[in-house]
Amino acid sequence: MNTKREMAELLAVKNRILIFPHVHMDGDALGTGAGLCCALRKLGKEAYILIEDEIGDNLQFIDDGFCVRIEDGETPDAVFEKYLGKKADLCIMVDCGSPDRFEKRKEVFFAGEVTGCIDHHGTSKPIADYNFIDAGAAACAEIMYDVLRELEDVTGADIIDKQIADALFSGIMTDTGCFVYSNTTIHTHEVAIELMKKGVDSSAISANIYESDSFAKIRLNGMAVDAMRVFADGQAAITIVTQDMLKECGAVMNDAEGVVDTLRSIKGVEIAVFLKELAENEIKVSMRAKSYANVAVIASEFGGGGHIRAAGCTLRMPAEEALKTMISVVTEALGTQTKPE
Ligand code: 5GP
Ligand code: MN
(Lines give C-alpha, C1' and ligand atoms only; values in the text may rest on other atoms or scores of the structure.)
(Ligands and ions follow the chains in the order given, each with its own letter.)
Protein backbone atom coordinates (compact mmCIF):
# COMPACT_ATOMS: atom_id res chain seq x y z
CA MET A 1 0.00 0.00 0.00
CA ASN A 2 1.21 3.53 -0.80
CA THR A 3 0.84 6.84 0.98
CA LYS A 4 -1.30 9.77 -0.16
CA ARG A 5 1.97 11.59 -0.87
CA GLU A 6 3.11 8.79 -3.18
CA MET A 7 -0.24 8.89 -4.98
CA ALA A 8 0.19 12.64 -5.46
CA GLU A 9 3.76 12.15 -6.73
CA LEU A 10 2.45 9.58 -9.19
CA LEU A 11 -0.27 11.94 -10.45
CA ALA A 12 2.29 14.75 -10.76
CA VAL A 13 4.48 12.86 -13.25
CA LYS A 14 1.77 11.25 -15.40
CA ASN A 15 0.37 13.06 -18.45
CA ARG A 16 -2.29 10.87 -20.10
CA ILE A 17 -4.68 9.63 -17.48
CA LEU A 18 -7.92 7.65 -17.62
CA ILE A 19 -10.06 7.54 -14.48
CA PHE A 20 -12.27 4.51 -13.77
CA PRO A 21 -15.20 4.96 -11.35
CA HIS A 22 -17.40 1.94 -10.61
CA VAL A 23 -20.37 1.02 -12.79
CA HIS A 24 -23.71 2.63 -11.78
CA MET A 25 -21.83 5.70 -10.57
CA ASP A 26 -23.07 7.28 -7.40
CA GLY A 27 -22.29 10.82 -6.24
CA ASP A 28 -19.00 9.74 -4.67
CA ALA A 29 -17.73 7.82 -7.69
CA LEU A 30 -18.51 10.69 -10.07
CA GLY A 31 -17.59 13.47 -7.63
CA THR A 32 -14.20 11.90 -6.90
CA GLY A 33 -13.55 11.23 -10.59
CA ALA A 34 -14.61 14.73 -11.64
CA GLY A 35 -12.54 16.38 -8.90
CA LEU A 36 -9.47 14.42 -9.99
CA CYS A 37 -10.07 14.92 -13.72
CA CYS A 38 -10.51 18.66 -13.30
CA ALA A 39 -7.35 18.90 -11.19
CA LEU A 40 -5.28 16.97 -13.73
CA ARG A 41 -6.53 19.12 -16.61
CA LYS A 42 -5.70 22.25 -14.63
CA LEU A 43 -2.12 20.97 -14.52
CA GLY A 44 -2.14 20.73 -18.33
CA LYS A 45 -2.58 16.97 -18.52
CA GLU A 46 -4.88 14.96 -20.80
CA ALA A 47 -7.47 13.33 -18.54
CA TYR A 48 -10.86 11.68 -18.98
CA ILE A 49 -13.26 9.65 -16.88
CA LEU A 50 -14.02 6.47 -18.79
CA ILE A 51 -17.55 5.19 -18.07
CA GLU A 52 -19.73 2.38 -19.39
CA ASP A 53 -23.29 3.39 -18.48
CA GLU A 54 -25.52 6.42 -18.07
CA ILE A 55 -24.95 9.21 -15.56
CA GLY A 56 -28.00 9.64 -13.30
CA ASP A 57 -30.00 12.79 -14.10
CA ASN A 58 -29.43 14.23 -10.64
CA LEU A 59 -25.63 13.87 -10.95
CA GLN A 60 -25.17 15.28 -14.42
CA PHE A 61 -24.37 18.73 -13.08
CA ILE A 62 -21.04 17.32 -11.77
CA ASP A 63 -19.82 16.31 -15.23
CA ASP A 64 -18.25 19.11 -17.24
CA GLY A 65 -16.98 17.26 -20.30
CA PHE A 66 -14.98 14.82 -18.16
CA CYS A 67 -16.90 11.60 -18.89
CA VAL A 68 -16.55 9.60 -22.09
CA ARG A 69 -18.33 6.30 -22.66
CA ILE A 70 -16.65 3.18 -23.97
CA GLU A 71 -18.43 1.68 -26.96
CA ASP A 72 -19.23 -2.01 -27.37
CA GLY A 73 -16.23 -3.89 -28.66
CA GLU A 74 -13.88 -0.90 -28.47
CA THR A 75 -10.30 -2.07 -27.88
CA PRO A 76 -7.93 -0.47 -25.37
CA ASP A 77 -5.79 0.91 -28.20
CA ALA A 78 -8.85 2.45 -29.88
CA VAL A 79 -9.90 4.12 -26.61
CA PHE A 80 -6.39 5.44 -25.97
CA GLU A 81 -6.07 6.72 -29.55
CA LYS A 82 -9.47 8.42 -29.49
CA TYR A 83 -9.03 10.37 -26.28
CA LEU A 84 -5.32 10.58 -25.56
CA GLY A 85 -3.58 10.18 -28.94
CA LYS A 86 -1.48 7.39 -27.47
CA LYS A 87 -1.44 4.84 -24.65
CA ALA A 88 -2.51 6.09 -21.20
CA ASP A 89 0.47 6.42 -18.89
CA LEU A 90 -1.89 5.98 -15.93
CA CYS A 91 -5.23 4.21 -15.50
CA ILE A 92 -6.63 4.85 -12.04
CA MET A 93 -9.76 3.43 -10.42
CA VAL A 94 -11.64 5.53 -7.89
CA ASP A 95 -14.31 4.57 -5.33
CA CYS A 96 -13.75 0.91 -6.16
CA GLY A 97 -10.93 -1.57 -5.83
CA SER A 98 -11.59 -4.36 -8.24
CA PRO A 99 -12.00 -4.70 -12.02
CA ASP A 100 -15.31 -6.54 -11.58
CA ARG A 101 -16.69 -3.12 -10.65
CA PHE A 102 -16.05 -1.98 -14.27
CA GLU A 103 -16.42 -5.15 -16.28
CA LYS A 104 -16.69 -3.51 -19.73
CA ARG A 105 -13.60 -1.34 -19.17
CA LYS A 106 -11.24 -3.72 -17.41
CA GLU A 107 -9.13 -4.54 -20.48
CA VAL A 108 -8.55 -0.81 -20.99
CA PHE A 109 -7.62 -0.41 -17.33
CA PHE A 110 -4.95 -3.09 -17.39
CA ALA A 111 -3.62 -1.91 -20.77
CA GLY A 112 -2.44 1.38 -19.23
CA GLU A 113 1.31 1.71 -18.61
CA VAL A 114 0.74 2.02 -14.87
CA THR A 115 -2.37 1.30 -12.79
CA GLY A 116 -3.56 3.01 -9.62
CA CYS A 117 -6.37 2.81 -7.08
CA ILE A 118 -7.79 5.35 -4.66
CA ASP A 119 -10.64 3.87 -2.65
CA HIS A 120 -12.38 3.66 0.71
CA HIS A 121 -13.98 0.21 0.61
CA GLY A 122 -12.93 -2.18 3.35
CA THR A 123 -13.41 -5.14 1.03
CA SER A 124 -10.98 -3.75 -1.59
CA LYS A 125 -7.55 -5.30 -2.04
CA PRO A 126 -4.52 -3.37 -3.31
CA ILE A 127 -4.33 -4.95 -6.76
CA ALA A 128 -3.06 -1.99 -8.81
CA ASP A 129 0.59 -0.89 -9.15
CA TYR A 130 -0.07 2.03 -6.77
CA ASN A 131 -2.82 1.84 -4.14
CA PHE A 132 -4.28 4.01 -1.46
CA ILE A 133 -7.27 2.41 0.27
CA ASP A 134 -8.62 3.84 3.52
CA ALA A 135 -11.77 2.19 4.85
CA GLY A 136 -11.88 4.83 7.59
CA ALA A 137 -12.73 7.56 5.08
CA ALA A 138 -16.45 8.30 4.77
CA ALA A 139 -16.16 9.00 1.06
CA CYS A 140 -13.55 8.48 -1.59
CA ALA A 141 -13.89 12.22 -2.25
CA GLU A 142 -12.62 12.85 1.27
CA ILE A 143 -9.41 10.97 0.42
CA MET A 144 -9.20 12.71 -2.95
CA TYR A 145 -9.25 16.09 -1.21
CA ASP A 146 -6.22 15.06 0.86
CA VAL A 147 -4.44 13.67 -2.22
CA LEU A 148 -5.09 16.89 -4.17
CA ARG A 149 -3.71 18.93 -1.27
CA GLU A 150 -0.58 16.79 -1.48
CA LEU A 151 -0.56 17.37 -5.24
CA GLU A 152 -0.62 21.12 -4.62
CA ASP A 153 2.36 20.66 -2.36
CA VAL A 154 4.25 18.50 -4.85
CA THR A 155 3.60 20.77 -7.85
CA GLY A 156 3.51 24.14 -6.10
CA ALA A 157 0.30 24.90 -8.03
CA ASP A 158 -3.02 26.18 -6.68
CA ILE A 159 -5.34 23.41 -7.77
CA ILE A 160 -8.49 23.11 -5.68
CA ASP A 161 -10.99 25.66 -7.01
CA LYS A 162 -14.77 25.95 -6.64
CA GLN A 163 -15.51 23.43 -9.40
CA ILE A 164 -13.27 20.77 -7.84
CA ALA A 165 -14.65 21.61 -4.40
CA ASP A 166 -18.26 21.25 -5.66
CA ALA A 167 -17.48 17.83 -7.13
CA LEU A 168 -15.73 16.55 -4.00
CA PHE A 169 -18.40 17.99 -1.71
CA SER A 170 -21.08 16.19 -3.76
CA GLY A 171 -19.23 12.92 -3.17
CA ILE A 172 -18.96 13.49 0.56
CA MET A 173 -22.55 14.66 0.86
CA THR A 174 -23.97 11.59 -0.88
CA ASP A 175 -21.79 8.95 0.81
CA THR A 176 -22.49 10.33 4.28
CA GLY A 177 -26.24 10.84 3.74
CA CYS A 178 -25.68 14.59 4.26
CA PHE A 179 -23.16 14.09 7.08
CA VAL A 180 -25.30 11.83 9.28
CA TYR A 181 -24.21 8.23 8.58
CA SER A 182 -21.93 6.55 11.11
CA ASN A 183 -18.99 6.77 8.67
CA THR A 184 -18.92 10.57 9.14
CA THR A 185 -15.87 11.66 11.15
CA ILE A 186 -14.35 14.89 12.38
CA HIS A 187 -12.03 14.75 9.37
CA THR A 188 -15.04 14.48 7.05
CA HIS A 189 -16.34 17.74 8.49
CA GLU A 190 -12.89 19.31 8.34
CA VAL A 191 -12.63 18.52 4.65
CA ALA A 192 -16.16 19.87 4.10
CA ILE A 193 -15.15 23.12 5.82
CA GLU A 194 -12.10 23.49 3.55
CA LEU A 195 -14.29 22.82 0.51
CA MET A 196 -16.85 25.40 1.66
CA LYS A 197 -14.03 27.92 1.97
CA LYS A 198 -13.54 27.39 -1.78
CA GLY A 199 -17.09 28.60 -2.37
CA VAL A 200 -19.20 25.43 -2.30
CA ASP A 201 -22.93 26.21 -2.15
CA SER A 202 -24.12 23.17 -0.20
CA SER A 203 -27.82 23.92 -0.51
CA ALA A 204 -27.55 24.30 -4.29
CA ILE A 205 -25.75 20.95 -4.50
CA SER A 206 -28.35 19.36 -2.25
CA ALA A 207 -31.17 20.74 -4.43
CA ASN A 208 -29.49 19.34 -7.54
CA ILE A 209 -29.02 15.90 -6.03
CA TYR A 210 -32.10 15.44 -3.86
CA GLU A 211 -34.74 17.79 -5.22
CA SER A 212 -34.61 17.27 -8.97
CA ASP A 213 -36.66 14.10 -9.24
CA SER A 214 -38.92 13.29 -12.18
CA PHE A 215 -42.55 12.19 -11.73
CA ALA A 216 -41.50 8.81 -13.06
CA LYS A 217 -38.92 8.44 -10.30
CA ILE A 218 -41.38 9.31 -7.55
CA ARG A 219 -43.95 6.89 -9.02
CA LEU A 220 -41.34 4.14 -9.20
CA ASN A 221 -40.29 4.75 -5.59
CA GLY A 222 -43.95 4.53 -4.53
CA MET A 223 -44.40 1.28 -6.42
CA ALA A 224 -41.23 -0.20 -4.90
CA VAL A 225 -42.30 0.74 -1.37
CA ASP A 226 -45.72 -0.75 -2.07
CA ALA A 227 -44.07 -4.06 -3.01
CA MET A 228 -42.02 -4.12 0.21
CA ARG A 229 -41.99 -7.15 2.47
CA VAL A 230 -40.94 -6.93 6.10
CA PHE A 231 -39.34 -10.03 7.63
CA ALA A 232 -37.12 -11.31 10.47
CA ASP A 233 -39.62 -10.04 13.07
CA GLY A 234 -39.61 -6.56 11.58
CA GLN A 235 -35.83 -6.26 11.67
CA ALA A 236 -35.47 -6.38 7.89
CA ALA A 237 -37.29 -5.08 4.82
CA ILE A 238 -36.87 -6.04 1.20
CA THR A 239 -38.24 -4.89 -2.12
CA ILE A 240 -37.49 -5.10 -5.81
CA VAL A 241 -37.73 -3.02 -8.95
CA THR A 242 -38.31 -5.14 -12.04
CA GLN A 243 -38.03 -4.25 -15.72
CA ASP A 244 -41.85 -4.41 -15.89
CA MET A 245 -42.16 -1.82 -13.12
CA LEU A 246 -39.80 0.51 -15.02
CA LYS A 247 -41.97 0.23 -18.12
CA GLU A 248 -45.12 0.89 -16.16
CA CYS A 249 -43.69 4.09 -14.66
CA GLY A 250 -41.73 5.23 -17.70
CA ALA A 251 -38.67 5.20 -15.44
CA VAL A 252 -35.05 4.03 -15.76
CA MET A 253 -33.17 1.91 -13.20
CA ASN A 254 -31.25 4.95 -11.95
CA ASP A 255 -34.60 6.26 -10.71
CA ALA A 256 -34.63 3.48 -8.11
CA GLU A 257 -31.87 5.34 -6.25
CA GLY A 258 -32.94 6.04 -2.67
CA VAL A 259 -35.46 3.21 -2.25
CA VAL A 260 -33.09 1.29 0.02
CA ASP A 261 -32.74 4.31 2.31
CA THR A 262 -36.52 4.57 2.59
CA LEU A 263 -36.67 0.92 3.73
CA ARG A 264 -33.92 1.46 6.29
CA SER A 265 -35.76 4.47 7.71
CA ILE A 266 -38.54 2.21 9.07
CA LYS A 267 -38.49 1.94 12.85
CA GLY A 268 -37.09 -1.40 13.96
CA VAL A 269 -35.55 -2.24 10.57
CA GLU A 270 -31.84 -2.99 10.95
CA ILE A 271 -31.16 -4.31 7.45
CA ALA A 272 -32.76 -2.99 4.27
CA VAL A 273 -32.39 -4.99 1.07
CA PHE A 274 -33.16 -3.65 -2.35
CA LEU A 275 -33.07 -5.66 -5.56
CA LYS A 276 -32.81 -4.27 -9.07
CA GLU A 277 -33.64 -6.55 -11.94
CA LEU A 278 -31.03 -5.31 -14.43
CA ALA A 279 -31.86 -8.13 -16.84
CA GLU A 280 -33.35 -11.60 -16.68
CA ASN A 281 -31.25 -13.58 -14.19
CA GLU A 282 -29.14 -10.53 -13.30
CA ILE A 283 -30.23 -9.04 -10.00
CA LYS A 284 -28.24 -6.23 -8.40
CA VAL A 285 -28.51 -6.26 -4.62
CA SER A 286 -28.11 -3.16 -2.44
CA MET A 287 -28.01 -3.55 1.32
CA ARG A 288 -27.96 -1.04 4.14
CA ALA A 289 -27.61 -1.59 7.89
CA LYS A 290 -28.80 0.91 10.44
CA SER A 291 -26.71 0.57 13.56
CA TYR A 292 -24.90 -2.71 14.18
CA ALA A 293 -25.28 -5.27 11.39
CA ASN A 294 -22.48 -5.96 8.91
CA VAL A 295 -23.88 -6.17 5.39
CA ALA A 296 -20.42 -6.24 3.74
CA VAL A 297 -19.95 -9.83 4.94
CA ILE A 298 -23.32 -10.83 3.47
CA ALA A 299 -22.45 -9.21 0.13
CA SER A 300 -19.01 -10.88 0.16
CA GLU A 301 -20.68 -14.31 0.36
CA PHE A 302 -22.02 -13.59 -3.12
CA GLY A 303 -18.82 -12.17 -4.59
CA GLY A 304 -19.74 -8.54 -3.82
CA GLY A 305 -18.52 -6.18 -1.14
CA GLY A 306 -18.67 -2.61 0.11
CA HIS A 307 -18.82 -1.06 3.55
CA ILE A 308 -20.05 -2.48 6.85
CA ARG A 309 -23.32 -0.50 6.65
CA ALA A 310 -23.68 -0.26 2.84
CA ALA A 311 -22.79 -3.06 0.48
CA GLY A 312 -23.89 -4.82 -2.67
CA CYS A 313 -23.52 -7.82 -4.93
CA THR A 314 -25.03 -9.34 -8.07
CA LEU A 315 -27.13 -12.51 -8.10
CA ARG A 316 -27.39 -14.48 -11.35
CA MET A 317 -30.86 -15.96 -10.84
CA PRO A 318 -34.53 -15.09 -11.44
CA ALA A 319 -36.06 -12.27 -9.39
CA GLU A 320 -38.26 -14.50 -7.18
CA GLU A 321 -35.34 -16.76 -6.33
CA ALA A 322 -33.18 -13.73 -5.51
CA LEU A 323 -35.85 -12.43 -3.14
CA LYS A 324 -36.04 -15.82 -1.38
CA THR A 325 -32.25 -16.09 -1.21
CA MET A 326 -31.80 -12.66 0.35
CA ILE A 327 -34.66 -13.14 2.83
CA SER A 328 -33.02 -16.37 3.93
CA VAL A 329 -29.43 -15.09 4.29
CA VAL A 330 -30.45 -11.84 5.95
CA THR A 331 -32.69 -13.68 8.43
CA GLU A 332 -29.76 -15.96 9.21
CA ALA A 333 -27.35 -13.02 9.57
CA LEU A 334 -29.71 -11.25 11.96
CA GLY A 335 -29.84 -14.45 14.01
CA THR A 336 -26.07 -14.34 14.58
CA GLN A 337 -25.32 -10.62 14.35
CA THR A 338 -27.38 -9.61 17.33
CA LYS A 339 -27.86 -6.13 18.66
CA PRO A 340 -25.25 -5.16 21.26
CA GLU A 341 -26.84 -4.48 24.66
P1 5GP B 1 -25.06 0.54 -3.59
O2 5GP B 1 -26.02 -0.26 -2.81
O3 5GP B 1 -25.26 2.01 -3.37
O4 5GP B 1 -24.98 0.14 -5.02
O5 5GP B 1 -23.63 0.18 -3.00
C6 5GP B 1 -23.34 0.29 -1.63
C7 5GP B 1 -21.84 0.19 -1.44
O8 5GP B 1 -21.42 -1.14 -1.76
C9 5GP B 1 -21.07 1.12 -2.35
O10 5GP B 1 -19.97 1.59 -1.64
C11 5GP B 1 -20.66 0.22 -3.49
O12 5GP B 1 -19.47 0.66 -4.07
C13 5GP B 1 -20.53 -1.14 -2.84
N14 5GP B 1 -20.95 -2.18 -3.78
C15 5GP B 1 -22.16 -2.29 -4.37
N16 5GP B 1 -22.21 -3.36 -5.17
C17 5GP B 1 -21.00 -3.97 -5.08
C18 5GP B 1 -20.42 -5.13 -5.69
O19 5GP B 1 -21.03 -5.85 -6.49
N20 5GP B 1 -19.13 -5.42 -5.35
C21 5GP B 1 -18.43 -4.65 -4.48
N22 5GP B 1 -17.17 -5.00 -4.21
N23 5GP B 1 -18.93 -3.54 -3.90
C24 5GP B 1 -20.20 -3.21 -4.19
MN1 MN C 1 -17.89 5.89 -2.04
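Up top you'll find the structure we're talking about.
Caption draft 1: Here's a closer look at the site of ligand 1. Arg-101, His-121, Lys-284, Ser-286 and Arg-288 are the nearest of the 13 residues found near ligand 1. At 3.0 Å, a side-chain N or O of Arg-101 approaches an oxygen atom of ligand 1. Here an oxygen atom of ligand 1 sits 2.8 Å away from a polar atom, N or O, in the side chain of Arg-288. Among the elements of the structure, β10 (282–289), β11 (305–306) and β12 (310–315) are those that each provide at least two residues to the shell around ligand 1. Among the elements that line the shell around ligand 1, the one with the most residues is β12, at 4 residues.

Caption draft 2: Examining the pairing of strand β1 (residues 16–21) more closely. Within β1, 6 of the 6 residues are buried, which leaves it mostly tucked inside the rest of the structure. Neither face of β1 is left uncovered, since the one carrying Arg-16, Leu-18 and Phe-20 and the one carrying Ile-17, Ile-19 and Pro-21 both have all their residues buried. Judged from the 4 bridges that link them, β1 and strand β2 (residues 46–51) form a sheet pairing that is parallel. Looking across to β2, one finds that Ile-17 is bridged to Ala-47. In the classification by handedness, the crossover that spans β1, the intervening helix α2 (residues 27–42) and the parallel β2 is right-handed. Note that β1 and strand β4 (residues 90–94) share 5 bridges and pair parallel. What sits directly across from Ile-19, in β4, is Ile-92.

Caption draft 3: Summary view of the state of the cysteines. Tallied over the entire structure, the rule returns 0 disulfides. Just so you know, Cys-313 is unpaired, no disulfide at all, and the nearest cysteine sulfur is the one on Cys-96, 16 Å from it.

Caption draft 4: Quick peek at the packing of aromatic side chains. A full pass over the atoms with the stated rule returns 6 aromatic pairs. An angle of 85 degrees between the planes, with centres 5.2 Å apart, marks the rings of Phe-20 and Phe-109 as edge-to-face. Of this pair, Phe-20 sits in strand β1 while Phe-109 sits in helix α4 (residues 106–111); the two residues are 89 residues apart in sequence, bridging distant segments of the chain. The burial state of Phe-20 is the same as that of Phe-109; both residues are buried. Over the ring of Tyr-48 we find Arg-41; its NZ or CZ atom is 4.9 Å from the centre of that ring. In this structure, Arg-264 is placed above the aromatic ring of Tyr-181, and the distance from its NZ or CZ to the ring centre is 4.7 Å.

Rules behind the numbers
Residues numbered from 1 in each chain as written. Chains lettered and ligands numbered in written order. Predicted model: local features only at pLDDT ≥ 70, side-chain atom pairs only at ≥ 80, totals over all residues. Heavy atoms only, no water. Near = heavy atom within 4 Å. Polar contact = N/O pair within 3.5 Å; in protein donor to acceptor, adjacent residues only side chain to side chain. Helix = DSSP H or I, 4+ residues; strand = E, 2+ residues; numbered from the N terminus. Buried < 20%, exposed > 50% of the residue type's maximum accessible area, 1.4 Å probe, protein only. Pairing = 2+ DSSP bridges. Right-handed = clockwise from strand over helix to strand, strands pointing away. Disulfide = S-S within 2.5 Å. Phe/Tyr/Trp six-rings, centres within 6.5 Å; stacked < 30°, edge-to-face > 60°. Lys NZ or Arg CZ within 6 Å of the ring centre and 35° of its normal.

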